[in-house]
Amino acid sequence: MKTGSCLCGQIQLKLTGEPLVTHACHCVECQKITGSAYGVNLWVEAKDVEVSQGELKSFTTQGGSGQPHDVHFCGDCGSAIYSRYHAAPPQFLFLRSGCLDDSSDIRPDVHIFLKDRQDGVKVGEDTPQYEGYYHFKEVWSEASQMRFKQILSQPS
Ligand SMILES: [Zn+2]
Ligand SMILES: [Zn+2]
């Protein structure tokens, strides 16, 4: 289990499960949300994210897929916490790695939307990289692919 929080500490959360995959996303949207060069997003099960203190605010924009994208953040300090992309099944959230209290072991499995990459950001050759999005079979571990199918087959 990992703990997370926003910068001001109003929001406290727990992440009780492992991510299925971790994206480093260089798209313009992720740059705006994080105020940085790219977002590192943990694709996690929504049930594994427990906000134990504080209430998140959200803002809905249109995601790159054309479907709504809800951005959740601390209403006091504005720290990015997670996103819900309506293009993805509702059982999942995309947790920003920076909200974890210890993010030292976070390692992206893939870099995506490199077409929007800031020029000074270099990506190591040892991580798969895509100009846009990718097909999950190219990146996800067998275990994560199985887990994904299992989650989707469960009655909600
Ligand atoms: Zn805050
Ligand atoms: Zn992005």
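See the structure shown above.
What counts as what
Residues numbered from 1 in each chain as written. Chains lettered and ligands numbered in written order. Predicted model: local features only at pLDDT ≥ 70, side-chain atom pairs only at ≥ 80, totals over all residues. Heavy atoms only, no water. Donors = N, O, S within 2.8 Å, 3.2 Å for Na, K, Ca; no water. Buried < 20%, exposed > 50% of the residue type's maximum accessible area, 1.4 Å probe, protein only. Salt bridge = Lys/Arg side-chain N within 4 Å of Asp/Glu carboxyl O. Helix = DSSP H or I, 4+ residues; strand = E, 2+ residues; numbered from the N terminus. Phe/Tyr/Trp six-rings, centres within 6.5 Å; stacked < 30°, edge-to-face > 60°. Pairing = 2+ DSSP bridges. Axes fitted to C-alpha atoms, helices over the stretch in contact; angles between N-to-C directions.

Draft legend 1. Region of interest: the coordination of the zinc ion (ligand 2). Summarising the metal site, the zinc ion (ligand 2) is bound by the protein donors C25 (SG), C27 (SG) and C30 (SG), whose distances to it range over 2.1 to 2.3 Å. All donors of the zinc ion (ligand 2) come from a single chain, and their spacing in sequence reads C-x1-C-x2-C. The exposure class of C25 is buried, given its relative accessible area of 5%.

Draft legend 2. Quick look at the pattern of salt bridges. For the structure shown, the criterion picks out eight salt bridges. A salt bridge links E45 to K47; the nearest nitrogen and oxygen atoms lie 3.7 Å apart. Given the relative accessible area of 10%, E45 is considered buried. With a shortest N-O distance of 4.0 Å, D48 and R147 are connected by a salt bridge. Here the residue D48 occupies a position in the loop between β4 (39-45) and β5 (49-53), and R147 occupies one in helix α2 (residues 142-153), the gap between them amounting to 99 residues. D48 sits in the buried class, given a relative accessible area of 6%. Shared partners join several salt bridges into a network, and the residues in it are E45, K47, D48 and R147.

Draft legend 3. Fine view of the packing of aromatic side chains. Counted by the stated rule, this structure contains twelve aromatic pairs. The interplanar angle of 85° and the centroid separation of 4.8 Å between the aromatic rings of W43 and W140 together place this pair among those described as edge-to-face. Of this pair, W43 sits in strand β4 while W140 sits in the loop between β10 (110-112) and α2; the two residues are 97 residues apart in sequence, bridging distant segments of the chain. As far as the burial class goes, W43 and W140 line up, both buried. Here F92 and F148 contribute two aromatic rings whose centre-to-centre distance is 5.2 Å and whose plane-to-plane angle is 25°, an arrangement assigned as stacked. Of the two residues, F92 sits in strand β9 (residues 92-96) while F148 sits in helix α2, which places them 56 residues apart along the sequence. Since its relative accessible area comes to 1%, F92 is described here as buried. Three or more aromatic residues link up through ring pairs in this structure, and these residues are W43, Y85, F92, F94, F136, W140 and F148.

Draft legend 4. Spatial organisation of the sheet that holds strand β7 (residues 68-74). Strand order in this open sheet of seven strands is β6-β7-β8-β9-β4-β3-β10, and the pairing throughout is mixed. For this open sheet the edge positions go to β6 (56-62) and β10, each flanked by a neighbour on one side alone. Strand after strand, the sheet turns through a mean of 30° between neighbouring axes, direction not considered. Sheet topology places strand β3 (residues 21-25) next to β10; three bridges connect them, and they run parallel.

Draft legend 5. Main features of unusual backbone geometry. Although it is not a glycine, F113 sits at a positive phi angle of roughly 55°. Within the element layout of this structure, F113 appears in the loop between β10 and α2.

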